[in-house]
Number of protein chains: 2
Amino acid sequence: MKVHIITIGDEILIGQIINTNVAWMGEQVTLHGGQVVGASTVGDTKEGIRRYVQLAMEEADVVLLSGGLGPTKDDITKNVLAEYFDSEMEFHEETYERLCKMFERFGRDPLPSHKEQCYMPVNAKVMTNNMGTAPGMWFEKEGKVVVSMPGVPYEMKYLMEHEVLPALLKQFTLLPSVYKTILTAGAGESVIADRIEPVTDAFPDYFKVAFLPNLGRVRVRIGAYGTNKTKLEKEVDEAVNAVVALIPELVFGYDRETQEGVLGDLLSAKGLRLSTAESCTGGYLAHRITSVSGSSGYYIGGVVAYANEVKSEKLGVSEQILQKYGAVSEETVVAMVNGALERYQTDLSIAISGIAGPTGGTEAKPVGTIWLALGNQNNVKTYKLQLTKDRLKNIEYIGNFSLNKLRHFVLENY
Amino acid sequence: MKVHIITIGDEILIGQIINTNVAWMGEQVTLHGGQVVGASTVGDTKEGIRRYVQLAMEEADVVLLSGGLGPTKDDITKNVLAEYFDSEMEFHEETYERLCKMFERFGRDPLPSHKEQCYMPVNAKVMTNNMGTAPGMWFEKEGKVVVSMPGVPYEMKYLMEHEVLPALLKQFTLLPSVYKTILTAGAGESVIADRIEPVTDAFPDYFKVAFLPNLGRVRVRIGAYGTNKTKLEKEVDEAVNAVVALIPELVFGYDRETQEGVLGDLLSAKGLRLSTAESCTGGYLAHRITSVSGSSGYYIGGVVAYANEVKSEKLGVSEQILQKYGAVSEETVVAMVNGALERYQTDLSIAISGIAGPTGGTEAKPVGTIWLALGNQNNVKTYKLQLTKDRLKNIEYIGNFSLNKLRHFVLENY
């Protein structure tokens, strides 16, 4: 079953909203064994919608549309489809009764524009939308299916789950597909591709590998299509294991796991308590750590030591160190991490100081120079990074890097 | 200038990532007076990319592509475009030099796959990508422009801002359009719409008003199309002033300003120093404040007081208060803010404690109960929020709320 997804609405094209419907529908179709061959977005114009539906039907068996079914004047999808499929309109009593009951519950009367929503194309199967006013529509032509749903995400999701996917699964025999994503940190896309090539080069034709890099992390997605889902799952699992065996130290998790979640699980399992001492990241690392529900079980807190006086007063970094080596130095981050370990009484601590940019660099310490120290009372490791001039990118990169090094430290020392 | 945007990558179609590039590119094109007539997404296949480029060129003057330019095998956009535009490939010395310098900074050598990235189609204008390895490409055919950019958002944005948009504006005559966005915090979309209706109802036909709500903030965008740009700019400015006059206390800035930037400017101008004491937001507010370049001029630092022991030891919140009222209480945040003012010796401080969720609530203090205190030595204000069960949304909402209340406090007290 080849699927094309069309989202309709000017607000998507002018960037007023981010289109989340495509990702959700795409994932559902893929998980059920369909193949999304393309997706498109078109504005609220008759010619545009006709053209995009026509093109989608040329390449797909099923066209899923969302958007343009509301009660306002800019919502024209229903009439365009009725015309496209040469269909008369008819008042749909069932829908009207549903709307009346719905408005009764709100203690309001339906507006004339809602009554208008009850006229439906006679050659469409009407799909009940229990989450809103506009019903879905299912058209068929020359063996192809065109489904129209509202653009409001929870209404679309309701129709997909309760009406569209069950009906599609009845009508089409689907080739199962299986995906697994390996999450890595610590090496670039090309290094990883190089290292896993001995395994990936031997993959059969129906396997596909993709690399998704993001600031020091790379997601490696391995997918396969076939007829036997159980066999595929076994094959993908074996393939994933073979890939991971070539890059074991880079892999921190799978699929929807996060670095902060994985680190949190590790700290919980080992009963370790963590504190942070951040200068240039200004609380970002603490934010990442505490974005995990349950982080209060292992994260105690920490200092945002932005000004030098905070580094000395709250973490005990000596004036001599700050004067002799500067705030961005190995000596300073080591003193910061020792201060945090002592004053926050935690098993582990991490300290970061650097020049996040875009200004503030010197010849000896250009913008993007970052020092990290992390460890426990017996063992402190330090790292120096030379990053870009982009402040926010640098901060995010340091967050990813820190979470990865903390994970390694726990694995190696506990 | 009619534009079609193509995003390339299986990861978008299978729902692994949400496509944010279309929204960003769509907004930029619209702001510069272009019209986005459609957008599409296609997987990493030769036939797919060819077909989509062909269809896009039929309806648009300019086709913007993002994705599929990485160094790995699944990235095929460059070769497909070279073939589509009948172009030989040639080693691009400039790109290679740039990559070598880039890797020198990292202390690494380029891999063979990076050298592969330096072969460029001879009939494409190469666009320097200072944010990553893959350059952009500008093709022209029969008066139409096809631009290919990497899919990594910050690389795409860099190329759009520094190369693509300036070049497009030179080549196409655009119907002037003028947009100005009023940034507000502290009231919802419908309240604002209501209050500004007396002005917006009288807008001429060629004016358009849009409301973009986001977690306690609403952007009100006022735009106008026409032939005389100077006249339009004057009209939009007057309209904006008339709107702002109806909601003066809600407006914190315009266009691309940020809450943290506006607050920073205020603190700088008044010579005030700020510290933070965060519990449930876990460093997020500090991160927002320090995401502004130059924030070290007014932000000293602060505590992430996640555990109760940190609240008492590092901020002096008494055991009695914690026992009697609990960590999530007005009494606790007032003690936290006084502790931060005293121990960080700043003019202003803010303290936050709450139950971010999704678990941890009680009958008396359900998930989403948040207390804030902010002020100086003479005057501390407190606020209670009742938010949702969504941890990350709550944290972001509190960040927005805090920055807005800090701005108000400075304006009212200094």
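Every value quoted in this text rests on a predicted model; they were computed, and no experiment measured them.

Novice: Which parts of the structure should I look at to understand the overall build of chain A?
Specialist: A count of helical and extended segments in chain A gives 15 helices and 17 strands. Across its three principal axes, chain A shows a C-alpha extent of roughly 85 × 55 × 40 Å. The buried share of chain A, reckoned over its 414 residues, is 48%. Considering only residue pairs separated by 6 or more positions, chain A has 65% of its internal contacts joining residues 24 or more positions apart.

Novice: Explain the domain arrangement of chain A to me, please; I cannot follow it from the model alone.
Specialist: What the domain assignment reports for chain A is domain 1 (2-171), domain 2 (177-254) and domain 3 (259-413). On a C-alpha basis, the centres of domain 1 of chain A and domain 2 of chain A stand 36 Å from each other.

Novice: Please clarify how the nonpolar core should be interpreted in this entry.
Specialist: Across soluble globular proteins, nonpolar side chains show a tendency to be buried alongside one another. With 102 residues, the main nonpolar core has M336(A), V337(A), A351(A), M336(B), V337(B) and A351(B) as its most contacted residues. In this structure, L81(A), A56(B), L64(B) and M120(B) belong to the second largest nonpolar core, which totals 86 residues.

Novice: Even after reading the chapter, I still don't get the environment of L65(B), so can you show me in this structure?
Specialist: Residues and elements named next belong to chain B. As for its position among the elements, L65 is in strand β3 (residues 62-66). Overall, L65 belongs to the buried group, with 29 C-beta atoms counted inside 10 Å. Distance in space between the C-alpha atoms of L65 and L183 is 31 Å, their sequence separation being 118 residues. Aside from chain neighbours lying at most four places away, what touches L65 is I6, I8, T77, V146, V147, S148 and M149.

Novice: Please clarify how helix α8 (residues 189-200) of chain A should be interpreted in this entry.
Specialist: Spacing of three or four residues puts side chains on the same side of an α-helix, whose turn is 3.6 residues. Taking 1.5 Å of rise per residue, twelve residues should cover 16 Å, yet α8(A) covers just 14 Å from first to last C-alpha, more than 12% shy of that figure. Looking only at α8(A), the buried set comprises E189(A), S190(A), I192(A), A193(A), I196(A) and T200(A). Considered in projection along α8(A), the buried side chains sweep an arc of 140° and stay on one side of the axis. Looking at the packing, one finds that the buried side of α8(A) touches β9 (177-185), β10 (207-214), β11 (217-225) and α9 (229-246) of chain A together with α6 (112-116) of chain B.

Novice: Explain the sheet that holds strand β8 (residues 144-149) of chain A here, please?
Specialist: Within a sheet, neighbouring strands are paired by backbone hydrogen bonds and run either parallel or antiparallel to one another. Reading across from one edge, β6(A)-β7(A)-β8(A)-β3(A)-β1(A)-β2(A)-β2(B)-β1(B)-β3(B)-β8(B)-β7(B)-β6(B) is the order of the twelve strands in this open sheet, with mixed pairing throughout. At either end of the open sheet lies a strand with only one pairing partner, and these are β6 (125-127) of chain A together with β6 (125-127) of chain B. Sheet twist, expressed as the mean angle between neighbouring strand axes with direction ignored, is 15°. Against the sheet, helix α2 (residues 21-31) of chain A engages β1 (2-8), β2 (35-42) and β3 (62-66) of chain A together with β2 (35-42) of chain B, with an angle of about 165° to β1(A).

Novice: I'm lost on the sheet that holds β10(A) in this one. Help?
Specialist: All names here are of chain A. With antiparallel pairing, four strands are arranged side by side in an open sheet as β10-β11-β9-β12. This sheet does not close on itself; its edge strands, each paired only once, are β10 and β12 (251-254). Between one strand and the next, the sheet's axes are offset by a mean angle of 20°, whatever the strand orientation. Both β9 and β11 contribute to a ladder of nine bridges, which runs antiparallel. Bridge pairing links S177 to Y225 in β11.

Novice: I tried to follow the interface of chain B and chain A on my own but got confused; where do I start?
Specialist: Think of interface size as the accessible area that goes away when the parts come together; that is how it is often given. Taken together, the contact pairs 65 residues of chain B with 63 residues of chain A. For the side of chain B that touches chain A, the class distribution of residues is 33 nonpolar, 26 polar and six charged.

Novice: When you look at the environment of Q16(A) in this model, what are you seeing that I'm missing?
Specialist: On the secondary structure map, Q16(A) appears in the loop between α1 (10-13) and α2. Exposure remark for Q16(A): the 18 C-beta atoms within 10 Å place this residue in the partly exposed category. For the pair Q16(A) and K365(A), spaced 349 residues apart in the sequence, the C-alpha separation amounts to 41 Å. Aside from chain neighbours lying at most four places away, what touches Q16(A) is E11(A), A210(B) and L212(B).

Novice: Can you help me understand the pairing of β2(B) in this one?
Specialist: The side chains of a regular strand alternate between both faces of the sheet. With seven of eight residues buried, β2(B) is to be regarded as a mostly interior element. Relative to β2(B), β2(A) runs antiparallel, the two being bridged by five bridges. Residue G38(A) lies in a different strand from β2(B), and its bridge partner there is V42(B). Where strand β1 (residues 2-8) of chain B meets β2(B), seven bridges bridge the pair, whose relative direction is parallel. Among the inter-strand pairings, I5(B) is bridged to a residue of β2(B), identified as A39(B).

Novice: For this particular structure, what's the right way to read helix α9 (residues 229-246) of chain B?
Specialist: Over its 18 residues, α9(B) runs 26 Å from end to end, which matches the ideal 26 Å to within 8%, given 1.5 Å per residue. Taken together, the buried residues of α9(B) touch β9 (177-185), α8 (189-200), β10 (207-214) and β11 (217-225) of chain B.

Novice: Would you explain the packing of helix α3 (residues 46-59) of chain B against helix α4 (residues 77-84) of chain B in this entry?
Specialist: The description of two packed helices rests on the angle between their axes and on the distance between the axes. Residues and elements named next belong to chain B. Two numbers describe how α3 lies on α4: the axes approach to 10 Å, and their chain directions differ by 55°. Taken together, the axes of α3 and α4 lie oblique to each other. Considering only the axes of α3 and α4, their crossing is right-handed. Contacts between α3 and α4 pair K46, I49, R50 and V53 from the former with T77, V80 and Y84 from the latter.

Novice: Teacher, can you tell me more about unusual backbone geometry here?
Specialist: For residues other than glycine, phi is negative in most cases, and the peptide bonds are mostly trans. Residue and element names in this part refer to chain A. Of the consecutive residues G357 and P358, the connecting peptide bond is found in the cis state with omega at 0°. Relative to the assigned elements, P358 resides in the loop between β15 (348-354) and β16 (369-375). Non-glycine residue Q345 carries a positive phi angle of around 50°. Here Q345 lies in the loop between α14 (330-344) and β15.

Novice: Would you mind going over the confidence of the model for chain A with me for this structure?
Specialist: On average, chain A scores 94 in pLDDT, and the residues at 70 or more come to 100%. What the predictor reports for the complex is a pTM of 0.83 with an ipTM of 0.83.

Novice: Hey, could you run me through the environment of P176(A) in this one?
Specialist: Residue and element names in this part refer to chain A. Topologically, P176 is positioned in the loop between α7 (153-171) and β9. Taking the C-alpha atoms as reference points, P176 and L387, separated by 211 residues in sequence, lie 43 Å from one another. Once you skip the residues sitting within four places of it in the chain, P176 turns out to touch G33, G226, K229 and L232.

Definitions and cut-offs
Residues numbered from 1 in each chain as written. Chains lettered and ligands numbered in written order. Predicted model: local features only at pLDDT ≥ 70, side-chain atom pairs only at ≥ 80, totals over all residues. Helix = DSSP H or I, 4+ residues; strand = E, 2+ residues; numbered from the N terminus. Buried ≥ 20, exposed ≤ 12 C-beta atoms within 10 Å, placed from the backbone. Contact = placed C-beta atoms within 7 Å. Domains from an automatic or database assignment. Core = buried A, V, L, I, M, F, W, Y, C linked by C-beta atoms within 7 Å. Expected span 1.5 Å × (residues − 1). Arc of directions from axis to C-beta. Pairing = 2+ DSSP bridges. Axes fitted to C-alpha atoms, helices over the stretch in contact; angles between N-to-C directions. Nonpolar A, V, L, I, M, F, W, Y, C, P; charged D, E, K, R; others polar. Parallel < 35°, antiparallel > 145°, perpendicular 65-115°, else oblique. Left-handed = near helix turned anticlockwise from the far one by under 90°. pLDDT = per-residue confidence, 0-100.

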